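An overview of the molecular structure
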Amino acid sequence: MKVTQEKTVVVPIDDRVEVARECDVAGIQALLNHYAALGNLLPRTKKDIIRQLSHFRVIKQNNKVIACGSLENFTPDLAEIRSLMVDESIKGRGLGRKIVIELISMAKIRNVERLMALTYVPEFFHKLGFETVDKNIFPEKVWGICVNCYKFENCDEIAVLKKL
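Note that the structure is predicted; figures quoted are calculated from it, not measured. (Residues numbered from 1 in each chain as written. Predicted model: local features only at pLDDT ≥ 70, side-chain atom pairs only at ≥ 80, totals over all residues. Heavy atoms only, no water.)

To continue, consider the nonpolar core. By size, the foremost hydrophobic cluster in this structure holds 23 residues, and its most contacted members are Leu71, Ile81, Leu95, Val100, Leu115, Phe125 and Phe130. Listed by contribution, the elements that provide at least two residues to this core are strand S3 (64-75), strand S4 (78-86), helix H3 (95-109) and strand S5 (114-119). Here this core gets seven residues from one element, more than from any other, and that element is H3. If you look at the next biggest cluster of nonpolar residues, it comprises 14 residues, including Val25, Leu31, Val65 and Met85. (Core = buried A, V, L, I, M, F, W, Y, C linked by side-chain atoms within 4.5 Å. Buried < 20%, exposed > 50% of the residue type's maximum accessible area, 1.4 Å probe, protein only. Helix = DSSP H or I, 4+ residues; strand = E, 2+ residues; numbered from the N terminus.)

In structure tokens:
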């Protein structure tokens with residue numbers, strides 16, 4: 001009897017980070033809504049995505065958005081990485097890291113001094129030079145966005161910060 005081993009075929013991914021375009025809005029929204037339904041982030045409306053579109057970066061496979069993230073400025077010196085998501089079927093292949101590196105570059109170009117994120121995976125951000133901090137040091141975020149969140153009273157996200 002001959003025993004054969006099955007080989008796992010890993011399909012190569014074109015991991016170029018691109019500026020999101022209008023044709024990407026539905027794909028971004030589908031990816032974000034999937035994770036919002038799981039409670040991992042707040043949903044974003046189509047109108048909100050369109051309004052912030054130039055701040056989004058995407059990675060696509062066969063014209064489908066498989067990873068995205070955005071950079072939102074609160075003040076000239078503080079910005080937040082938001083809506084960072086990777087399609088569940090291809091997590092662990094470095095796509096989130098590529099998006100974050102691009103968003104860090106954007107923040108530097110904008111002369112941002114502090115870059116923050118709220119996350120359930122602080123270890124991911126620690127590998128990129130972020131430190132865990134108390135979210136209350138970001139009143140711009142807490143009282144500008146978080147106060148309107150249904151989780152405001154019981155927020156379980158962890159704040160991370162990178163000084164640029």
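Resuming the write-up.
End to end, H3 covers 21 Å across 15 residues, agreeing with the expected 21 Å (1.5 Å per residue, within 8%). Burial in H3 covers these residues: Leu95, Gly96, Ile99, Val100, Leu103, Ile104, Met106 and Ala107. Of the surrounding elements, those touching the buried residues of H3 are strand S2 (56-61), S3, S4, S5, helix H4 (122-126) and strand S7 (158-163). (Expected span 1.5 Å × (residues − 1). Contact = heavy atoms within 4.5 Å.)

Here we come to the sheet that holds strand S6 (residues 131-133). Pairing is mixed across the open sheet formed by seven strands, whose spatial order is S1-S2-S3-S4-S5-S7-S6. Two strands close off the open sheet at either side, each with one partner strand: strand S1 (18-19) and S6. One ladder, built from three bridges, connects S4 with S5; its direction is parallel. When the bridges of S5 are listed, Leu78 appears paired with Arg114. Those strands touched by helix H1 (residues 25-37) are S2, S3 and S4, and its axis lies near 85 degrees from that of S3. Set on the sheet, H3 makes contact with S2, S3, S4, S5 and S7; between it and S3 the angle comes to about 30 degrees. (Pairing = 2+ DSSP bridges. Axes fitted to C-alpha atoms, helices over the stretch in contact; angles between N-to-C directions.)

What follows is about the pattern of salt bridges. The final tally for this structure, using the stated rule, is 10 salt bridges. A salt bridge links Arg57 to Glu102, with the shortest nitrogen-to-oxygen separation between them at 3.9 Å. Note that Arg57 is positioned in strand S2 and Glu102 in helix H3, a separation of 45 residues in sequence. Residue classification places Arg57 among the buried positions, given a relative accessible area of 10%. Ionic contacts of the salt-bridge type, sharing partners, join the residues Glu18, Asp24 and Lys60 into one network. (Salt bridge = Lys/Arg side-chain N within 4 Å of Asp/Glu carboxyl O.)

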